[in-house]
Amino acid sequence: GDMAKMRCTLAAITVMTFLVTARVAVAGYGLRASETAERVSQGLVAQQLFTELTALLGHGASHARLTRFEDALRPIFSAMPKNAAGSIDQGVARYALHRYFLTHHGWYIRGLAPDGERWNESSSTTMLKSRMPTLILELLEERVGREHIGLAELAVLVATVEDLVHGDAFELLEIAYETHNISVDRPLQSRKEEDLVIQTFMLYFLLPHTQGDRHNSNKILGYLKRSPYFGWSETLVWLEDVKETVKYQDRGVHSPFSGEQQYFRDFPSMVHLAEQFVDGIGTFQDIECKEFKHRLMELEDQDRNDGRVLLSNFYRTYMAGGSSAFSESPEFLKHLGALDDSDPRRPSVIVPNFIYSRSNCLATSGFHSLCCIDECNVLMETLERRIAHPVAQPSLVAELVAALPSDTIAAPRNLSGSLRRKLDKIAEQHSGLVPLHGRMFAQFMHHAFPNECPNPRASGTEAPMTGREWQKTKHTSHLASQEVMQQLADLA
């Protein structure tokens, strides 16, 4: 049965782990700082996957964690296309994992996203971290077989990626200690030292380019003094809430007599705090994303409700000196899939495509970024929970969508004739049923929830870049010049 299958899997993975780690001199918990930004040991990845697969057969905290992941993944898994054995393939697993991390953590994991890179084994024992999720999937398939990626295996993949993100946090915390010449082996001396270490860690995590100054503690102190980015002080207030949560979770571990003030002085407590910070920061940052979205929507013309803002309106606040946001060039917006130029005289910015773009992400390093939570995924999860199948009758889909409220759409509502016709048109091409995960349905959701669901990008387009990556690759700014902004304003 399943248990026998898992035992065979574990035996195979044990052998595979031994073979991979045999090629690596030492695969410790973390790599050294010089390697930390972009590369990771293949042995470490294999070891982490093995640990999580072992937990599947076990009990206790690790097993409970996997059960929690299974519960969270069940709606999407039940609605995914499967093979005769009831399993999903690698492409579907990738999509499910991408959705999970973006919805629950605001993590955009490179290598899981639709623009993910393929991983090819080479003699190297380290690889680009952006290719790591693909390696995990391929190691799993190699051992479990292509026919056996079920819900339990999907939960293992989530746990493995989360472990590796936590591994990154562990390394950054060590670097934060090193920056201020503090040993991880001794307790921190004061609340001031505690704040210094955790804030340096936050700085390195949220703004990875600052890691270049990690050997210059005065420069790092300078960053921290002048509030490194808009919203930093609010993040510090939220961190205090996280500390209270951690204390509550660990109340059985720490003696109540050890004193309130001493709590985050030892390194393991700081590691726990760093992990909780990384897990929750995406949900916290999303408050800012929603404010950003509403600021953008205020620029919409009153008679429009198609999730689009005229490019001339988009630039207006920037030109008036009111904001440094909304200044991306038309070329860069088009690259992001956020420009609708179907009417060349009235080009528009597509609200959800712009909000969810990687150019608005923080903490872009190694293999993950911190991005705005895709509200469309949350809507899709509700549909998947209710339908629990890859396809559905158009009448059922219409009924469920009409009952779905969003951030900007009240429900229940009557779906317009054109929306109903779109569903019928999809069904006509698919034997009378609507597939929930195709491009046509994504397009339908964009029309049904224009401010929450992005317009799907044309297939075959290049992977979306951040502003920094665009400048590096194209040797030109991702921001529009005053002249371009003025020309568009004159058109309006």
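Going by the structure above, here's the rest.
About the cut-offs
Residues numbered from 1 in each chain as written. Predicted model: local features only at pLDDT ≥ 70, side-chain atom pairs only at ≥ 80, totals over all residues. Heavy atoms only, no water. Helix = DSSP H or I, 4+ residues; strand = E, 2+ residues; numbered from the N terminus. Buried < 20%, exposed > 50% of the residue type's maximum accessible area, 1.4 Å probe, protein only. Contact = heavy atoms within 4.5 Å. Areas by Shrake-Rupley, 256 points an atom, 1.4 Å probe, with all protein chains shown as cover. Disulfide = S-S within 2.5 Å. Expected span 1.5 Å × (residues − 1). Bend = angle between axes of the 7 residues up to and from the residue. Polar contact = N/O pair within 3.5 Å; in protein donor to acceptor, adjacent residues only side chain to side chain. Salt bridge = Lys/Arg side-chain N within 4 Å of Asp/Glu carboxyl O. Pairing = 2+ DSSP bridges. Axes fitted to C-alpha atoms, helices over the stretch in contact; angles between N-to-C directions. Phe/Tyr/Trp six-rings, centres within 6.5 Å; stacked < 30°, edge-to-face > 60°. Lys NZ or Arg CZ within 6 Å of the ring centre and 35° of its normal. Arc of directions from axis to C-beta.

Draft legend 1. The overall build of the protein, seen in detail. The secondary structure content of the protein amounts to 20 helices and 10 strands. The burial tally for the protein puts 52% of its 492 residues in the buried class. Long-range contacts, defined here as pairs at least 24 residues apart, represent 68% of the contacts in the protein between residues at least 6 apart. For the protein, the exposed area adds up to about 22,600 Å²; of that, 53% sits on carbon and sulfur atoms.

Draft legend 2. Geometry of the state of the cysteines. On inspection of all chains with the given rule, the structure shows 3 disulfides. The residue that forms a disulfide with cysteine 289 is cysteine 372, at a sulfur-sulfur distance of 2.1 Å. Disulfide cysteine 289 to cysteine 372: torsion about the S-S bond roughly -85 degrees, handedness left-handed. In this pair, cysteine 289 is assigned in helix α11 (residues 267-297) and cysteine 372 in the loop between β8 (368-370) and α15 (375-387), connecting sequence segments 83 residues apart. Across the protein, the disulfide pattern expressed with sequentially numbered bonded cysteines is 1-4, 2-3, 5-6.

Draft legend 3. Examining α11 more closely. The end-to-end C-alpha distance of α11, which contains 31 residues, comes to 45 Å, matching closely the 45 Å that a straight helix rising 1.5 Å per residue would cover. The largest bend along α11 measures about 45 degrees and falls at glycine 280. Most of α11 sits inside the fold, with 22 of its 31 residues counted as buried. For α11, the N-terminal capping position is held by aspartate 266, with its side-chain oxygen 3.0 Å away from the main-chain nitrogen of serine 269.

Draft legend 4. Structural context of the pattern of salt bridges. The tally for this structure, following the rule as stated, stands at 26 salt bridges. Between lysine 290 and aspartate 286 there is a salt bridge, with the nearest N and O atoms lying 3.0 Å from each other. Linking lysine 290 with aspartate 286, this pair stays in helix α11, spanning 4 residues, or about one helical turn. Among the residues examined, lysine 290 registers a relative accessible area of 30% and is labelled partly exposed. Close ionic contact of glutamate 469 with arginine 358 constitutes a salt bridge, the shortest N to O distance being 3.4 Å. Of this pair, glutamate 469 sits in helix α19 (residues 467-474) while arginine 358 sits in the loop between α14 (351-355) and β7 (362-365), placing them 111 residues apart in sequence. Given a relative accessible area of 5%, arginine 358 falls into the buried group.

Draft legend 5. The sheet that holds β7, seen in detail. Taking strand neighbours across the sheet as the criterion, the 3 strands line up as β2-β8-β7 in an open arrangement whose pairing is antiparallel. In this open sheet, the two edge strands, each paired with only one partner strand, are β2 (107-109) and β7. When strand polarity is set aside, the average angle formed by the axes of neighbouring strands in this sheet is 15 degrees. On top of the sheet, α11 reaches β2, β7 and β8; it is set at about 40 degrees to β8, its chief contact.

Draft legend 6. Here's a closer look at the packing of aromatic side chains. Tallying each qualifying case throughout the model produces 19 aromatic pairs. Ring geometry for phenylalanine 332 versus tryptophan 470: centroids 5.3 Å apart, planes at 65 degrees, classification edge-to-face. Taken together, the residues span a long stretch of sequence, with phenylalanine 332 in helix α13 (residues 330-336) and tryptophan 470 in helix α19 at a distance of 138 residues. Each member of the pair, phenylalanine 332 together with tryptophan 470, is buried. It is lysine 82 that lies over the ring of phenylalanine 77; its NZ or CZ is 4.8 Å from the centre.

Draft legend 7. Inspection of the sheet that holds strand β4 (residues 308-310) at higher detail. One open sheet accounts for 3 strands, arranged β4-β6-β5; its pairing is antiparallel. The open sheet has two edge strands, β4 and β5 (339-340), and neither has a second partner. Both β4 and strand β6 (residues 348-350) contribute to a ladder of 3 bridges, which runs antiparallel. Paired with arginine 308 across the bridge in β6 is isoleucine 350. Where helix α12 (residues 311-319) meets the sheet, its contacts fall on β4, β5 and β6, and the angle it forms with β4 comes to roughly 70 degrees.

Draft legend 8. Local environment of unusual backbone geometry. A cis geometry characterises the amide bond from alanine 411 onward to proline 412, with omega recorded as 0 degrees. Within the secondary structure, proline 412 sits in the loop between α16 (394-402) and α17 (417-428). You will see that serine 431, though not glycine, has its phi angle at about 50 degrees, which is positive. According to the relative accessible area criterion, serine 431 is exposed, its value standing at 74%.

Draft legend 9. Representation of the side chain of glutamate 162. Position of glutamate 162 relative to the elements: it lies in helix α7 (residues 151-179). Here glutamate 162 falls in the buried class, since its relative accessible area comes to 5%. A polar atom in the side chain of glutamate 162 sits 3.0 Å from the side chain of arginine 65. Excluding anything up to four places from it in sequence, glutamate 162 contacts Arg65, Phe69, Phe101, His105, Trp107 and Asp279.

Draft legend 10. Region of the structure containing helix α9 (residues 217-225). The complete set of buried residues in α9 reads Ile220, Tyr223 and Leu224. The arc that holds every buried residue of α9, seen down its axis, measures 95 degrees, which confines them to one face. Residues of α9 that are exposed and angled more than 90 degrees away from the buried face: Asn218 and Lys225. Contacts made by the buried residues of α9 are with α7, α8 (191-206) and α10 (232-249).

It is worth stressing that arrangement in space is one thing and function is another; only the former is reported here.
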